[in-house]
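# Descriptive structure summary
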Amino acid sequence: MQNESFFSQVKQGLLDTCYICVKEMRGLVTDEGVLIFCVLVPLFYPLLYSWIYNNEVVRDVPVAVVDLSHSAASREFIRHYDAGSDVKVAYMCNSLDDAKELIGKQQVHGALYFPEDFARRLGRGEQATVGLYCDMSLMLNYKAIYQTAMAVAGEMNSRIQLRQSNGFTNRDDEITTKPLDFDEVPIFNVTDGYGNAIIPGVLMLILQQTLLLGIGLAAGTARENNRYQDLVPISKHYNGIFRIVLGKSWCYFMVYMVMAAYISLVVPRMFHYISLVTPWTILGLMAPYLLSCIFFGMTLSCMVRYRENVMLLVVFTSVPFLFMTGVSWPQSNIPGFWQGVACLIPSTFGVRGFLRISSMGATLQDISVEYHALWIQAFVYFLTTCMVYRYQIAATRKRAFDHMQAMREKIEEAKQKKIQADAKHNIHE
């Protein structure tokens, strides 16, 4: 009898878990807000970001030139500079004031300045200078203007060295112009582009933020549809903490495993980003990452009273969460307090692990720190989720009990009034 009772309880628990999962899935499909954030945004938002950053380097950045030297050397410098693919000489100015005015109007993003004594100093064998003024509001433009100028200056320096050297062979010329030889090999980000550096982190952050938004919206809807604004409805199927937590989380886990495969495997290949991931490695990372995000979102859902609240809780944290991952800002330069806060956010370890897997070809053993941290977060947030729903179930039962008690008191009070009225009526007769 005890075994039959135990198995019947397990069977009922599984049936209730499936019922909650199906109900949550039905709510995900029928609720327009949850459907947008959990399905449409993960499908189309990565495409928008990747399309914007698909041109990873800037080309033909407009530059103004102020040539007060009017010499063959300055014209040679300008000609080679304009021949670069990253910049173009858009204006020839008579003074720096004219160039500053063009930069202020954003018609150019930098200026080259050749002083009057540029060619004279070169002819005397002295060091000549070229002024370079850049608009620092966009680092990609600054990089293109500065690196092109340095490349042209280095090439002209090499030719000047050859004219002044006493070499007799080509080998002598090579040693003179390049005494220390080196090969420049970009590691990991071979395209040297901004998209390969930042998009993988943004893709992982999209998974977390849309999950938080979807779970928060579903929680807000559950409260608004409940008479007493409780997160857990009064139903025989919701009579247990684990069946509620597992039923809800299983629904989101199934949906987001598909979204994670699409975002991590399909999107990078569509836009030709570096992707060295393997299916088993990405599966091993995504399992704890999605679980930690789901339980993190379910824990935060206790603070969502209305659907609009989740927008305030989640949307404005996207940029800080991205900064705290160490993708766009060096992790070593992040203050210790914020590094501690970052350890509480699943995207911190998810982004770092995915970057190492996709850009560096790392395995799960190589990202053991991030991998274990995500499993720890999943376990901790699972416990906090259970605590939240335990409190919600207790609050729902107490409120239902108080309501029933109040109804009984009203019924009893109505009976007493009826008895007293009947008694007065009989005495009167």
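What comes next concerns the included structure. (Residues numbered from 1 in each chain as written. Predicted model: local features only at pLDDT ≥ 70, side-chain atom pairs only at ≥ 80, totals over all residues. Heavy atoms only, no water.)

With that settled, the discussion passes to the overall build of the protein chain. When you go through the protein chain residue by residue, the secondary structure sums to 15 helices and four strands. For the protein chain, buried positions account for 40% of its 429 residues. Pairs at least 24 apart in sequence give 79% of the contacts found in the protein chain among residues at least 6 apart. When the accessible surface of the protein chain is split by element, carbon and sulfur atoms take 61% of a total near 24,900 Å². (Helix = DSSP H or I, 4+ residues; strand = E, 2+ residues; numbered from the N terminus. Buried < 20%, exposed > 50% of the residue type's maximum accessible area, 1.4 Å probe, protein only. Contact = heavy atoms within 4.5 Å. Areas by Shrake-Rupley, 256 points an atom, 1.4 Å probe, with all protein chains shown as cover.)

Phi at His 70 is positive, roughly 50°, even though this residue is not glycine. Structurally, the position occupied by His 70 is in the loop between β1 (61–67) and α3 (72–83). Residue His 70 is classed as exposed on the basis of its relative accessible area, which comes to 59%. Here the phi dihedral of His 272 falls at roughly 60°; this positive angle occurs in a residue that is not glycine. Relative to the elements of secondary structure, His 272 occurs in the loop between α9 (241–270) and α10 (279–300). For His 272, a relative accessible area of 67% translates into the label exposed.

Below, the discussion takes up the pairing of β1. In terms of burial, β1 is a largely internal element, seven of the seven residues being buried. The alternating pattern of β1 places Val 61, Val 63, Val 65 and Asp 67 on one face and Pro 62, Ala 64 and Val 66 on the opposite face, and all of these are buried. Alignment of β1 against strand β2 (residues 87–93), held across six bridges, turns out to be parallel. Each residue of the ladder has a partner; that of Val 63, found in β2, is Val 89. Pairing of β1 with strand β3 (residues 110–114), which is carried by four bridges, proceeds in the parallel orientation. Within β3, the residue paired with Val 66 across the bridge is Tyr 113. (Pairing = 2+ DSSP bridges.)

Further remarks concern the side chain of Thr 325. With respect to the helices and strands, Thr 325 occurs in the loop between α12 (318–324) and α13 (336–342). Among the polar contacts made by the side chain of Thr 325, one reaches the main-chain carbonyl oxygen of Leu 322 at a distance of 2.5 Å. Sequence-distant contacts of Thr 325, defined by excluding residues within four places in its chain, comprise Ser 347, Thr 348, Val 351 and Arg 352. (Polar contact = N/O pair within 3.5 Å; in protein donor to acceptor, adjacent residues only side chain to side chain.)

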